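Chain by chain, the residues:
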Protein chains: 2
Amino acid sequence: MARTQGITIKDVARRAGVSITAVSHALNGKGTLSAATREHIRTVADEMGYEADALARGLRRSTMGAVGLVLRSLDALGDYAPAGVDVFERFVGVAASQALARGLSVMLVPDLTRTPVPPLAFSMDGYIVTDPHLDDPVVALLEKRGIPYVTYGRVPGRPDFPHWASEDNVASARQILAHLEAGGARSVALVRGTDPNAWNLELQDTYLSWCAERGTAPRLYELAERAGVEGGVELAGRITDDGIPDAVFCLTGRHAAGVQQGLMARGVGVPERTMVVAGSDSEHARNSRPAISAVELNPVASVGALLDILQALVAGEEAHSPRLTRARLRLRGSTRR
Amino acid sequence: MARTQGITIKDVARRAGVSITAVSHALNGKGTLSAATREHIRTVADEMGYEADALARGLRRSTMGAVGLVLRSLDALGDYAPAGVDVFERFVGVAASQALARGLSVMLVPDLTRTPVPPLAFSMDGYIVTDPHLDDPVVALLEKRGIPYVTYGRVPGRPDFPHWASEDNVASARQILAHLEAGGARSVALVRGTDPNAWNLELQDTYLSWCAERGTAPRLYELAERAGVEGGVELAGRITDDGIPDAVFCLTGRHAAGVQQGLMARGVGVPERTMVVAGSDSEHARNSRPAISAVELNPVASVGALLDILQALVAGEEAHSPRLTRARLRLRGSTRR
DNA sequence: CTAGGAAGGTAAAACGTTTTATACAATCCC
DNA sequence: GGGATTGTATAAAACGTTTTACCTTCCTAG
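No experiment lies behind these values; they were computed from the predicted model shown.

### Quick look at the interface of chain A and chain B
So, step 1. Between chain A and chain B, the contact holds 52 residues from the first and 51 residues from the second.
So, step 2. Summed over both partners, the interface of chain A with chain B comes to about 5100 Å²; 63% of that surface belongs to carbon and sulfur atoms.
So, step 3. The interface formed by chain A and chain B contains zero salt bridges.
So, step 4. Among the elements that line the side of chain A that touches chain B, the one with the most residues is helix α6 (residues 86–101) of chain A, at nine residues.
So, step 5. For the side of chain A that touches chain B, the per-class residue count stands at 29 nonpolar, 13 polar and ten charged.
So, step 6. Strand direction decides the pairing type here: strand β2 (residues 105–108) of chain A and strand β2 (residues 105–108) of chain B, joined by three bridges, are antiparallel. Each bridged residue has a counterpart across the sheet, and for A:Leu108 the counterpart in β2(B) is B:Val106.

Following this line, the structure appears as structure tokens:
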């Protein structure tokens, strides 16, 4: 219906006085046409405002110029419209605009394994999956279907899988911990989420190693991603009951904001008595009082890397991966001493 | 490439011992097959895990089961990954999950008029355009191409165009103004954005009428959407210089947060000396001190209405539009007296 | 003078569906 | 008993591309 009044290759061919093949070849830079003919056809096509139908093209070429995007982490949150989870919201925006710059479309697929599966889902050239879980069914499905995919963050349990990119989580964690240590912190508690994704797992591992290196006992708390700020407030009670640490390192901005709020409500001064820091920046971290130091992720660089890898994969070229991007530690009041 | 190993209708036909036509008819509930054959074919198809190729289907049917989404307001912001603009981020998430529930895909198209245009863009069944501008080129393009579209918010300058839905902005504005009045406010300043979209225009009109009805002089300020919180802080200076109003009604949460911050920095107490309220809720509004009263939009209802209209349009049925949804005023500290 | 390229172009098959038109029985009606 | 009707199924066209294979014509080398 939408396409009925479109200009087809046939129209261009007729108008240019050549065959359909000639038009296709001219426009795609193939075949053995003379430069003059090629130029002529291009002119006519431009004049007529011809644009090849993506469907028909995809049918033959079986490449669509479109990639799917699955936000695993939002799926886990259940509610698909959580407020203040800006990491992924920004990721979507960046992915859309960067893909456009490369002439690709981005299709949003909430969860590829839930029915009904969107009709186009399996026609995508490839997929970007953010934060796959351990034994992620979405990854398994893509694998089974033979659809190329890249992941934002390592695939847990698959150390061999190379096609991923993300910020250097280990470096970020090290940088944060070094910063806290420089501020005089000896005991640091870690608050991680419950999703078994690379984000939670890698940062936890780094933290544990850091503790081991220093011979200090780790203090590890788990807090469901969906618990949000309120969960953090509550958790602050448990943390103080267990003895106030010199610093609390929360993996998400929402949890950090909640924990800080909870600590202060209990009379624990931040940053005087204990410091708070977030592993990923967010509105919550920025808008807290004091503002919370946090790692600002780098969606622009990460999405760029992911698209590089995915495009190579789709083209059947060798992908140059994994790739790590640089995050940046934003120092704010919550760790200023 | 991704589709090479797929099971085609031909495979199913062979296995079921019938013609291709029979399979198509059985699966789509068309034609004049006997119940027995139909059932048999369905069973075989299920067994083989057959799924019709969306491209080939789209090529014939010219309906794709996919809609495009253009976020006009984000285009206007330039940066496609602005932090803390949660209205649209939520909108995207809601649109994706609601569309999925209806068996539709959502394709994100940053700006349909910028090149390169994503290949699939013109193959979509229809479009959702959020907050179209006055003389919006995206709308013009869709119109010219004959692609069905619905808009989130009225199309400015086209009072005749019926295919839109949104929260009832007029009612929201009235509700806010009534609330301020009940709190004792006589003079209310309005801070609107600069984009010429229905949101800014309708709320402004309602405000002006309200002032006229009361015989009070309107105090209207314009602040570019992209000015964000900082812009609000600065604007607070101008507002106080012009004489402190009883309340400031900002159309966006970011501006409200900035204005409130700026007012308080100048020693103007909120809510004691003047009240602050936001036309759309956001992280900024929620996390300010005091928290800012704001209208919580209703993306779930609005997206639902938009999809209803769009589906009717695509099916060639009569659309039942426009449709207004209910927003909700969240009262917080910034207006509590 | 002719075999063999090269240069420039096209016809037709293919992609996987849906849809239109048609074929073949079996049944019915008068 | 013959034409019309009904019930079931299929062949083939169509959708708009890309790609494969082939066809001219013209030139050149032997």
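### Looking at the protein's contact with DNA strand D
So, step 1. Close contacts around DNA strand D come from 28 residues, with A:Ile9, A:Ser24, B:Thr32, B:Thr37 and B:Arg60 the closest.
So, step 2. Protein-adjacent atoms of DNA strand D, using a 4 Å cutoff, are sugar or phosphate at a proportion of 55%.
So, step 3. At 3.0 Å, a side-chain N or O of A:Tyr50 approaches a sugar or linking oxygen of DNA strand D.
So, step 4. With respect to DNA strand D, the side chain of B:Arg60 contributes an N or O atom lying 2.5 Å from a base nitrogen.
So, step 5. Counting residues per element, the ones that place at least two in the surface near DNA strand D are α2 (20–28) and α4 (54–61) of chain A together with α2 (20–28) and α4 (54–61) of chain B.
So, step 6. Of the residues contributing to the surface near DNA strand D, the split by class is eleven nonpolar, ten polar and seven charged.

### Some thoughts on the protein's contact with DNA strand C
So, step 1. Neighbouring DNA strand C are 28 residues, the closest being A:Thr37, A:Arg60, B:Ile9, B:Ser24 and B:Arg60.
So, step 2. Note that a phosphate oxygen of DNA strand C is positioned 2.8 Å from one of the side-chain N or O atoms of A:Thr37.
So, step 3. Split by residue class, the surface near DNA strand C holds eleven nonpolar, ten polar and seven charged.

### Quick notes on the sheet that holds strand β7 (residues 219–222) of chain A
Residue and element names in this part refer to chain A.
So, step 1. The strand order across the open sheet built from six strands is β7-β6-β8-β9-β10-β12, with neighbouring strands paired in mixed fashion. Here the strands that pair on one side only, and so sit at the sheet edges, are β7 and β12 (328–330). The average angle at which neighbouring strand axes cross in this sheet is 20 degrees, direction not considered.
So, step 2. Sheet topology note: the strand β10 (residues 293–296)/β12 ladder contains three bridges and is antiparallel. Residue Ala 294 lies in a different strand from β12, and its bridge partner there is Arg 330.
So, step 3. Docked against the sheet, helix α10 (residues 228–241) engages β6 (188–192), β7 and β8 (247–250), running at close to 155 degrees with respect to β7.

### Digging into the relation of the copies chain A and chain B
So, step 1. Superposition record for chain A on chain B: RMSD 0.3 Å, screw rotation 180 degrees, translation along axis 0.2 Å. Such values leave the two copies arranged in the relation of a two-fold axis. Looking at the rotation axis and the C-alpha trace of chain A, the residue lying nearest is A:Met107, at 2.2 Å.

### Thoughts on the sheet that holds strand β12 (residues 328–330) of chain B
Across a sheet, paired strands are connected by hydrogen bonds in the backbone, their directions being either parallel or antiparallel.
Residues and elements named next belong to chain B.
So, step 1. Taking strand neighbours across the sheet as the criterion, the six strands line up as β7-β6-β8-β9-β10-β12 in an open arrangement whose pairing is mixed. Both outer strands of the open sheet, β7 (219–222) and β12, are each paired with one neighbouring strand and no more. With strand direction ignored, the average angle separating the axes of adjacent strands in the sheet is 20 degrees.
So, step 2. As judged from the two bridges shared by strand β9 (residues 275–278) and strand β10 (residues 293–296), these two strands associate in the parallel manner.

### Re the pattern of salt bridges
Residues and elements named next belong to chain A.
So, step 1. Scanning the entire structure with this criterion turns up 32 salt bridges over all chains.
So, step 2. Note that Asp 308 is salt-bridged to Arg 102, the shortest N-O span being 2.9 Å. Of the two residues, Asp 308 sits in helix α13 (residues 299–315) while Arg 102 sits in the loop between α6 and β2, which places them 206 residues apart along the sequence.
So, step 3. According to the relative accessible area criterion, Asp 308 is partly exposed, its value standing at 31%.
So, step 4. A relative accessible area of 29% means that Arg 102 is categorised as partly exposed.
So, step 5. By sharing partners, the salt bridges in this structure join Arg 174, Glu 181, Arg 186, Glu 213 and Arg 214 into a single network.

### Focus on the side chain of A:Gln260
All names here are of chain A.
So, step 1. Here Gln 260 shows up in helix α11 (residues 253–265).
So, step 2. A distance of 3.3 Å separates a polar atom in the side chain of Gln 260 from the backbone oxygen of Arg 289.
So, step 3. In contact with Gln 260, not counting residues within four places along its chain, are Val 270, Val 276, Ser 288, Arg 289, Pro 290, Ile 292 and Ser 334.

### Examining the packing of aromatic side chains
Residue and element names in this part refer to chain A.
So, step 1. Per the counting criterion, the structure on display carries four aromatic pairs over all chains.
So, step 2. Considering the side-chain rings of Tyr 149 and Phe 161, the 5.0 Å spacing of their centres and the 10 degrees angle between planes classify their relative orientation as stacked. Placement of Tyr 149 in strand β4 (residues 149–152) and of Phe 161 in the loop between β4 and β5 (164–167) is noted, with a sequence separation of twelve residues between them.
So, step 3. Judged by relative accessible area, Phe 161 falls into the buried class, the value being 7%.
So, step 4. Here the guanidinium or amino end of Arg 145 rests over the ring plane of Phe 122, the centre of that ring lying 3.8 Å away.

### A closer look at the domain arrangement of chain A
Residues and elements named next belong to chain A.
So, step 1. The domain boundaries assigned to chain A delineate domain 1 (9–52), domain 2 (66–166 + 299–325) and domain 3 (169–297 + 330–335).
So, step 2. A straight line from the C-alpha centre of domain 2 to that of domain 3 covers 28 Å.
So, step 3. If you look at the interface, domain 2 gives 17 residues, while domain 3 gives 18 residues.
So, step 4. For the pairing of domain 2 and domain 3, the buried interface totals around 1300 Å² over both sides, and the portion due to carbon and sulfur atoms is 53%.
So, step 5. Linking domain 2 with domain 3 are one salt bridge, by the criterion used here.
So, step 6. Between Arg 154 and Glu 202 there is a salt bridge; the shortest N-O distance is 2.5 Å.
So, step 7. Where the side of domain 2 that touches domain 3 is concerned, the elements lending two or more residues are α5 (72–77) and α6.
So, step 8. Tallied by class, residues from the side of domain 2 that touches domain 3 come to nine nonpolar, five polar and three charged.

### Let's talk about the nonpolar core
So, step 1. In this structure, A:Leu69, A:Val188, A:Phe249, B:Leu69, B:Val188 and B:Phe249 are the most contacted members of the largest nonpolar core, which totals 93 residues.
So, step 2. Ranked by residues supplied to this core, first place goes to α13(A) with nine residues.
So, step 3. Not counting residues up to four positions away in its chain, the partners in contact with A:Phe249 are A:Ala173, A:Ile176, A:Leu177, A:Val188, A:Ala189, A:Leu190, A:Val191, A:Val277, A:Ala278 and A:Gly279.
So, step 4. Grouped together as the second largest cluster of nonpolar side chains are 47 residues, A:Met64, A:Met107, B:Ile147 and B:Tyr149 included.

The rules we used
- Residues numbered from 1 in each chain as written.
- Chains lettered and ligands numbered in written order.
- Predicted model: local features only at pLDDT ≥ 70, side-chain atom pairs only at ≥ 80, totals over all residues.
- Heavy atoms only, no water.
- Contact = heavy atoms within 4.5 Å.
- Buried area = accessible area lost by both parts, 1.4 Å probe.
- Salt bridge = Lys/Arg side-chain N within 4 Å of Asp/Glu carboxyl O.
- Helix = DSSP H or I, 4+ residues; strand = E, 2+ residues; numbered from the N terminus.
- Nonpolar A, V, L, I, M, F, W, Y, C, P; charged D, E, K, R; others polar.
- Pairing = 2+ DSSP bridges.
- Near = heavy atom within 4 Å.
- Polar contact = N/O pair within 3.5 Å; in protein donor to acceptor, adjacent residues only side chain to side chain.
- Axes fitted to C-alpha atoms, helices over the stretch in contact; angles between N-to-C directions.
- Least-squares fit on C-alpha atoms with pLDDT ≥ 70 in both.
- Buried < 20%, exposed > 50% of the residue type's maximum accessible area, 1.4 Å probe, protein only.
- Phe/Tyr/Trp six-rings, centres within 6.5 Å; stacked < 30°, edge-to-face > 60°.
- Lys NZ or Arg CZ within 6 Å of the ring centre and 35° of its normal.
- Domains from an automatic or database assignment.
- Core = buried A, V, L, I, M, F, W, Y, C linked by side-chain atoms within 4.5 Å.

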